[in-house]
Amino acid sequence: MNTEYIDSYYSRTRTDDVRRPLLDGTVEAETCVVGGGLAGLATALALAERNRSVVLIEARRVGWGASGRNGGFVSPGYSLGLDKIERKLGRETAQSLYRLSLGAHATVRARADQAGVRCEAGLLKCHLAEHGEGLAPYVERMNRTYGLRLEHWPKTRMAEALATDRYADGAYNPDAFRVQPLDMSRGFARLAEAKGVRIFEGTPATGLARDIGDRIVTTPQGRVRCRHVVLACGGYIGTLNLRVSAATIPVATYVAVTEPLGERLRQTIRVSTGVSDVRLANDYYRPLPDGRILWGGRISVFHPDPERLKEIIRADMLKVYPQLADVRMDVAWGGWMGYARHKMPCLGSLDDGLWHNTCFGGHGLVATTVGGELTASAIAEGDDRWRMTEPFGLAFAGGPIGKIPAQAVYWTLAAGDWMRRRRYEAERAAA
Ligand SMILES: Cc1cc2nc3c(=O)[nH]c(=O)nc-3n(C[C@H](O)[C@H](O)[C@H](O)COP(=O)(O)OP(=O)(O)OC[C@H]3O[C@@H](n4cnc5c(N)ncnc54)[C@H](O)[C@@H]3O)c2cc1C
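Everything numeric here is computed off the predicted structure, so don't read it as measured data. (Residues numbered from 1 in each chain as written. Predicted model: local features only at pLDDT ≥ 70, side-chain atom pairs only at ≥ 80, totals over all residues.)

1. A closer look at the sheet that holds strand 11 (residues 222–226)
- Here four strands make up an open sheet; going across it, the order is 1-11-10-9 and the pairing mixed. Two strands close off the open sheet at either side, each with one partner strand: strand 1 (25–28) and strand 9 (207–211). Taking each pair of neighbouring strands and ignoring which way they run, the sheet shows an average axis angle of 25 degrees. (Pairing = 2+ DSSP bridges. Helix = DSSP H or I, 4+ residues; strand = E, 2+ residues; numbered from the N terminus. Axes fitted to C-alpha atoms, helices over the stretch in contact; angles between N-to-C directions.)

In C-alpha cells:
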C-alpha cells in the first residue's frame, strides 16, 4: 500500500515530515481509534485529555484523507443546514448541537495555536447575484441567537472587497479562519502524542473481532487488544464494517491552486478573507500566504486526473473572475468525503465497545471535534449527548452504490443553478 501523501499544495508545503512506525506485533490500550484524519485525531486527543490510553492506527499517513486535502475553511456548523437540523430534531436540540460546534470551533483554534499552525482570520459567505440580497436576516438571527459577530455586507461592500459582480451580498465571519489543513492534522497528531497517544502509520485495520470482553483490531503485521474501538475512516472506510460502510457515501470534491499572482491577487481579492457561496456544491476560494489563489468546488463521484482537474477548476474560477484568463493552475487534486444520506455526522455506539465517528461531509474541520468530544466523553464518562444525533443515525445508503443517486442529486442541483443563472443574465441583458 502506497503510504505517501498525494501531490497537493499542502503536501508540497507541509512543515514537518515525521514518520510514525507501522504496527508490528500486539499492543494494548483501552481504546483503538481507526483512522488518522481529524475525526480520529480529535477522538484520540479528547480521550488522552481524559487520561485514557489510546492507540491510533492509520492506513496511510496522518491527514492523508480529506483532512489533509480540504479547503482549510474552519467554521462552526455541520454539512446539513441549521434549519433542516431544527426541522428534524426540534429547535432546542438543534441549538445545543450548534453551540457544541461553537465550543469545538474554539477548541480547534486553541489546538491550532498550540501546535503552531498559522491561522488567518475571516470567512465570507456570499449569495449569488441571481438569488438577490438575502443574507441580512441570517446574520441578524445568528448574532441574536448565538452571540456571533457576523457582519452583513451589502452589494456595494461586496464590490469593494471582490473584483466580480457574481455576488449579491455576504455574511462575513471575523472569527472563522483558514489553515493549511495537512499541517493542522499533523499538528494535532503531535499534540495527541504529547499526551500519550501511540500512533501507527501504514497500518490499516483489516479485521474487527471479539475475544471474551476485549476487542481485537487486526492489521497486516499486528493487532490491537482493547476495550473500545472507534471507527473514524470517513469516505475511505471501504468494507471494514458492514453497517458503517453501507451508511457512508464516498463523494469526491476538488481543489486547485494557481501560480503566484503578485499584485493581481490584491486587485482580485481585495480583502484578506476566504470566500464561499451558499450552494451545496459551491465555489470556495482564498488567497494563500505566497500570493496564489486556492480554489475549490464541485461534488462528484468521478475522480478525474490532476491535469483535467486543473482545467475544470480553472473554468470555474473564470466564471467568477474572467480577468484571470491567462492564469495557470500549478497543482490540482481531489479527495473523498464521507457523506451520510441525511448529511449529518454519524456518531455513537454500534455494539458494546464498538463506536463510530464519521460522515462529516464537506463541513468537517470543526464538526470532527464535536464528534471527537462526544465520543470520548461517552467512552470515558458514560455521557450520552451523542444521542442528540441519533434520529439521523446510520441510515442505509448503499455504500459505494449510493454514489449514483448522489451524482444524480448533484447534476439536478447544478442544472437548477445553471438555469437560474441564464434567466438572470437574460433579464439583465433585456433591462
Ligand atoms: C477537497 C475537500 C475540501 C474540503 N473543504 C473543507 C473545508 O474547507 N472546510 C471544512 O470544514 N471541511 C472541508 N472538507 C471536509 C473535511 O475535510 C472532512 O469532513 C473531514 O476532514 C473528515 O475527516 P475524517 O477524519 O472523518 O476523514 P478523513 O480525513 O478522510 O480520514 C479518514 C482516515 O481513515 C483512514 N482509514 C480508512 N480506512 C482505514 C482502515 N481500515 N484502517 C486504518 N485507517 C483507515 C484513511 O486513510 C484516512 O486517513 C473538505 C473535504 C475535501 C475532500
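2. Some words on the sheet that holds strand 19 (residues 354–358)
- Read across the open sheet, the six strands follow the order 8-3-2-12-19-18; overall the sheet is mixed. Here the strands that pair on one side only, and so sit at the sheet edges, are strand 8 (198–200) and strand 18 (346–351). Taken over all neighbouring pairs, the strand axes of this sheet differ in orientation by 20 degrees on average, direction set aside.
- Relative to strand 3 (residues 54–57), strand 2 (residues 31–34) runs parallel, the two being bridged by four bridges. Each bridged residue has a counterpart across the sheet, and for Thr31 the counterpart in strand 3 is Val54.
- Seen against the sheet, helix 11 (residues 367–381) touches strand 2, strand 12 (228–231), strand 18 and strand 19 and runs at an angle of roughly 165 degrees to strand 19. (Contact = placed C-beta atoms within 7 Å.)

3. Notes on the domain arrangement of the protein chain
- Each assigned domain of the protein chain is listed with its residue range as follows: domain 1 (1–118 + 180–248 + 340–397) and domain 2 (120–178 + 249–338 + 403–431).
- Distance between the C-alpha centres of domain 1 and domain 2: 27 Å.
- Facing 29 residues of domain 1, the contacting portion of domain 2 comprises 25 residues.
- Elements represented by at least two residues in the side of domain 1 that touches domain 2 include exactly strand 4 (73–74) and helix 4 (91–114).
- Ranked by the residues each element gives to the side of domain 1 that touches domain 2, the list is headed by helix 4, at four residues.
- Among the residues making up the side of domain 1 that touches domain 2, the classes are represented as 12 nonpolar, 13 polar and four charged. (Domains from an automatic or database assignment. Nonpolar A, V, L, I, M, F, W, Y, C, P; charged D, E, K, R; others polar.)

4. Details of the pairing of strand 14 (residues 274–277)
- With burial as the criterion, each face of strand 14 is covered, one bearing Gly274 and Ser276 and the other bearing Val275 and Asp277.
- Note: strand 5 (residues 120–128) against strand 14, four bridges, orientation parallel. Each residue of the ladder has a partner; that of Lys125, found in strand 14, is Ser276.
- Summarising the sheet, strand 14 and strand 15 (residues 283–287) pair through two bridges and their orientation is antiparallel. The partner of Val275 across the bridge, within strand 15, is Tyr285.
- Following strand 14, the chain reverses through five residues before pairing antiparallel with strand 15. (Buried ≥ 20, exposed ≤ 12 C-beta atoms within 10 Å, placed from the backbone.)

5. A word on unusual backbone geometry
- In the Ramachandran plot, Asn51 falls in the positive-phi region, its phi being about 60 degrees despite a non-glycine side chain.
- Assignment of secondary structure puts Asn51 in the loop between helix 2 (38–49) and strand 3.
- Residue Asn51 is classed as exposed on the basis of its 9 C-beta neighbours within 10 Å.
- Despite not being glycine, Ile212 has its phi angle at roughly 50 degrees, a positive value.
- For Ile212, the position within the fold is in the loop between strand 9 and strand 10 (214–219).

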